[in-house]
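Listed below, chain by chain, are the residues.
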Amino acid sequence: MNASAIRNIGGWAIGVPLVIALLGFAFQGLASFNSSFFFAWPYFIEVLIAGLLQGVMYSLVALGFVLIFKASGIFNFAQGSMVLFAALTMVGFIEMGLHWTIAFAITAVVMALVAVGIERLVLRPLVNQPHIILFMSTIGIFYFLDGFGQTLWGSDIKVLDIGIPKTPMFVGKGMFEGGLLINSFDLVAAFVGAALVIALAVFFHYTRIGRALRAVADDHQAAMSIGIPLKTIWVVVWTAAGVVALVAGIMWGSKAGVQFSLALIALKALPVLILGGFTSIPGAIVGGLIIGSSEQLAEVFLGPLFGGAIQDWFAYMLALVFLLFRPQGLFGEKIIERI
Amino acid sequence: MTEAAAALNPAPSKLILTVNNIEVIYDHVILVLKGVSLEVPEGGIVALLGANGAGKSTTLKSISNLLRAERGEVTKGSIHFEGNQVDRLTPNDLVKQGVVQVMEGRHCFEHLTIEDNLLTGAYTRKDGRTAVQQDLDMVYNYFPRLRERRLSLAGYTSGGEQQMCAIGRALMSRPKMILLDEPSMGLAPQLVEEIFEIVKKLNETEGVSFLLAEQNTNVALRYADYGYILENGRVVLDGEAATLRDNEDVKEFYLGVSSAGRKSFRDVKHYKRRKRWLA
């Protein structure tokens, strides 16, 4: 750990609470001027926490993008439909009467098979083509998986219930009057997300395959030249992305039901990626947290200013601002350019 | 090391690589190599010389099988490594057999540290962590500069360091033979000399055979044992490095010295157009 890393951590430790406090005071000020705004500190914190937890759900989806982008430099448009496909498959197996753990295992295997298929039929013939061509091919994969999943399992809205508690809970009763309301489901999602990130980070940085994945991400040809087999690497990374999609599908599916719109939550992952950086796993998490919390806060405390419903577009506005000032995102790999 | 000593005086029959009359076509239409044959003795350094577009890189890539990824194909001829035909293998299999290519323009993994770059080179090995660690030390001993910069991202290191990193990375696969493409590209003369010194040392002490493509004929012929000169996808001349250095045509076309003293550029071009070497 070097000096700049310590400075970074210090910066975040001071900066984040500072920003939150400033936002709080700003909203408080706004409320004192205009009676159509409402502000109270416990309420502010409650909204903030709900937003953060919502953000973790975005991060789960964004993670899948990061994995594939990191290892192959491809923006995988199909990630959303992979989420849908995984969730549909899982529900299908549960409806057959299997326990959800077994259904999970089988679905993970199915996602691995999908990865093998994608490598064989799409990626292998396109080795060393420009990234834009690979990107276009993932649009094809999107539509295929989207249709294929619904052909296999039907297009009804399905319920996915693996027994995650959904009861609201109240915490910190001593600190605030009435305590803070937190959705326990979101809390579980946060733990799952954290576990996933730690596992992936360890995998990428401390294993032989992980190192090879990063190598392939940097330079396909050079990776080939030292004997890293691209097909194996791609199957591994698409499988990993498939499993991440499965986890995201389970969380979103049990929250909002398994239906076509699951494929579209991928769109919410976009601003997350722009904020966090396309190549950074921690970035996907932090990006998700920022997007989730800021859009909730904006909706609740700034909403009246615009007549409400700003949650739908606020994230994209934020991403746009980021693109202007820090195009590689908060944690993205610096664009290395030697002069 | 007796093995290395034997490698120093290779018996004429002991060839590690033979390329037999290969023809390479890109994209099904562009004929790039029109029948190239060459041999590399075990423990030798062989230079492949020629101007831009002569087919040096293509020859190396057809040996390492990186050609297919660029839509190229060996359509005629054969390539044998240690007596086995290898032109249908994948690059991965070939590295496992002991042939590794250092590509033109270095191609380090920019966002990986120097050390991670080197470690990726050991991907194909199955002989355990300690052996890999030992070889990492060996590479650092050959390239002390890499040890100093082991934790910097390769993208931020200098061109010379990147070239060293690329060679070191190839060494990590424990190769019997390295295909080295334009090691001198974009480097200061002093660094070029340094790199070639290390190549020579690796050849002598580790017994690694080298086939190197170079435009810098002068340096290449000083360090190599044997040379092939390519023009328009054909070998036009080959011989012992010392013989080639003294060849009048090589002197004139590639080393820029002429027995007839300085000439006007126009005369040289005229002369070259009239008199071509034929295979």
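Look up: the structure comes first, before these words.
A brief report on the enclosed structure follows.

Calculation criteria
Residues numbered from 1 in each chain as written. Chains lettered and ligands numbered in written order. Predicted model: local features only at pLDDT ≥ 70, side-chain atom pairs only at ≥ 80, totals over all residues. Heavy atoms only, no water. Helix = DSSP H or I, 4+ residues; strand = E, 2+ residues; numbered from the N terminus. Contact = heavy atoms within 4.5 Å. Buried < 20%, exposed > 50% of the residue type's maximum accessible area, 1.4 Å probe, protein only. Core = buried A, V, L, I, M, F, W, Y, C linked by side-chain atoms within 4.5 Å. Domains from an automatic or database assignment. Pairing = 2+ DSSP bridges. Axes fitted to C-alpha atoms, helices over the stretch in contact; angles between N-to-C directions. Salt bridge = Lys/Arg side-chain N within 4 Å of Asp/Glu carboxyl O. Phe/Tyr/Trp six-rings, centres within 6.5 Å; stacked < 30°, edge-to-face > 60°.

All names here are of chain A. For Ala78, the position within the fold is in the loop between helix H2 (41-72) and helix H3 (79-95). Counting along the chain gives 214 residues from Ala78 to Gly292, while the straight-line C-alpha distance between them is 22 Å. Excluding residues within four positions of it along the chain, Ala78 makes contact with Thr138, Ile141 and Phe142.

Here we take up unusual backbone geometry. All names here are of chain B. One non-glycine residue, Arg71, lies in the positive phi region at around 65°. In this fold, Arg71 is placed in the loop between helix H2 (56-64) and strand E4 (72-81). Residue Arg71 is classed as partly exposed on the basis of its relative accessible area of 46%. Of note, Arg174 is a non-glycine position whose phi angle comes to about 55°, a positive value. Position of Arg174 among the secondary structure elements: in the loop between helix H7 (159-171) and strand E7 (177-181).

Counting 144 residues, the largest nonpolar core has A:Ile228, A:Trp238 and B:Phe143 as its most contacted members. Looking at which element gives the most residues to this core, the answer is helix H9 (residues 230-256) of chain A, with 15 residues. If you count residues domain by domain, this core takes at least three from each of domain 1 (14-98 + 175-278) and domain 2 (108-172) of chain B. Not counting the four nearest positions on each side in its chain, A:Trp238 is found in contact with A:Ile68, A:Asn76, A:Met82, A:Ala115, A:Ile118, A:Leu123, A:Thr138 and A:Ile141.

Right, let's talk about the sheet that holds E7(B) for a bit. All names here are of chain B. A sheet is described by the order of its strands in space; here six strands give the open sequence E6-E7-E8-E3-E9-E10, paired in mixed fashion. Looking at strand neighbours, the two that pair on one side only are strand E6 (99-102) and strand E10 (234-240), the edges of this open sheet. Pairs of neighbouring strands in the sheet enclose a mean axial angle of 15°, with direction left out of account. Sheet analysis places E7 next to strand E8 (residues 209-214), joined by five bridges and oriented parallel. Paired with Met177 across the bridge in E8 is Ser209. The sheet strands contacting H2 are strand E3 (45-49), E6, E7, E8 and strand E9 (226-231), and the helix crosses E7 at an angle near 150°. Sheet strands in contact with helix H8 (residues 189-205) are E3, E7 and E8, and its direction is about 155° off that of E8.

Turning our attention to the pattern of salt bridges. All names here are of chain B. Following the criterion strictly, the structure yields 18 salt bridges over all chains and no others. Across the salt bridge formed by Arg150 and Glu115, the nearest N and O atoms sit 2.7 Å from each other. On the criterion of sequence distance, the pair formed by Arg150 in the loop between helix H6 (144-148) and H7 and Glu115 in helix H4 (residues 114-120) is long-range, its members being 35 residues apart. Taking the relative accessible area as the measure of exposure, Glu115 reaches 14% and is therefore buried. The network of salt bridges with common partners includes Arg125, Asp127, Asp135 and Arg174.

All names here are of chain A. Inspection of the entire model under this criterion finds 18 aromatic pairs over all chains. Note on Phe69 and Phe278: the rings are 5.2 Å apart at their centroids and 45° apart in plane angle, and the pair reads as tilted. With a gap of 209 residues between them, Phe69 in helix H2 and Phe278 in the loop between helix H10 (266-276) and helix H11 (281-306) connect regions that are remote in the sequence. Given the relative accessible area of 25%, Phe278 is considered partly exposed. An aromatic cluster of at least three residues, connected via ring pairs, comprises Phe65, Phe69, Phe75, Phe77, Phe135, Phe142, Tyr143 and Phe278.

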